[in-house]
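# Structural overview
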Amino acid sequence: PYSICKTNLSPDAKNRSPTNPGWAPFTNPDGQVLLGTLDTVFMAAYAAAMPFMGGLADRWNQPIFLSVALVLVGAMLVLFGLAHAFEIHAYWYFVLVTLLG
């Protein structure tokens, strides 16, 4: 879900500027690897949760379940974005928020 902001988190050399310097730790030489690891964490958590979420959705009111799920995913994306406002540069924070999303 955060994939749309990858170019701002870790802009390549030709797109890096004073107004778009990137965001540590993703501006380090291994920044692309860190972003790829976040993709892997998200997809692994998504794949592991789907059987359980499907079972819950079958038992509960589906529109309410989907609404709550979308709000929670949105909240995780807001937390991801708040890293900038709170000057959070810890990679574990991004992994945790991605895992929860």
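Residues numbered from 1 in each chain as written. Predicted model: local features only at pLDDT ≥ 70, side-chain atom pairs only at ≥ 80, totals over all residues. Heavy atoms only, no water.

Our focus in this paragraph is unusual backbone geometry. Here the bond from Ala24 into Pro25 is cis, since omega is 15 degrees, no more than 30 degrees from zero. Tracing the chain through its elements places Pro25 in the loop between helix 1 (6-9) and helix 2 (31-59). Positive phi, normally seen in glycine, also occurs at Glu87, with a value near 55 degrees. Checked against the element boundaries, Glu87 lands in the loop between helix 3 (62-85) and helix 4 (91-100). Taking the relative accessible area as the measure of exposure, Glu87 reaches 53% and is therefore exposed. (Helix = DSSP H or I, 4+ residues; strand = E, 2+ residues; numbered from the N terminus. Buried < 20%, exposed > 50% of the residue type's maximum accessible area, 1.4 Å probe, protein only.)

Our focus in this paragraph is the layout of surface pockets. Taken as a whole, the largest pocket holds about 680 Å³ of empty space. As for the largest pocket, its lining consists of 24 residues, of which Met50, Met53, Ala69, Val73 and Gly101 are closest to the centre. Among the elements of the structure, helix 2, helix 3 and helix 4 are those that each provide at least two residues to the lining of the largest pocket. A breakdown of the residues in the lining of the largest pocket according to their chemical character gives 21 nonpolar, 3 polar and no charged. (1 Å grid on protein atoms, 1.4 Å probe; cavity = no way out; pocket = protein on both sides within 12 Å on 5 of 7 lines; lining within 4 Å. Points joined across faces, edges and corners; volume = space filled by probe spheres on them. Nonpolar A, V, L, I, M, F, W, Y, C, P; charged D, E, K, R; others polar.)

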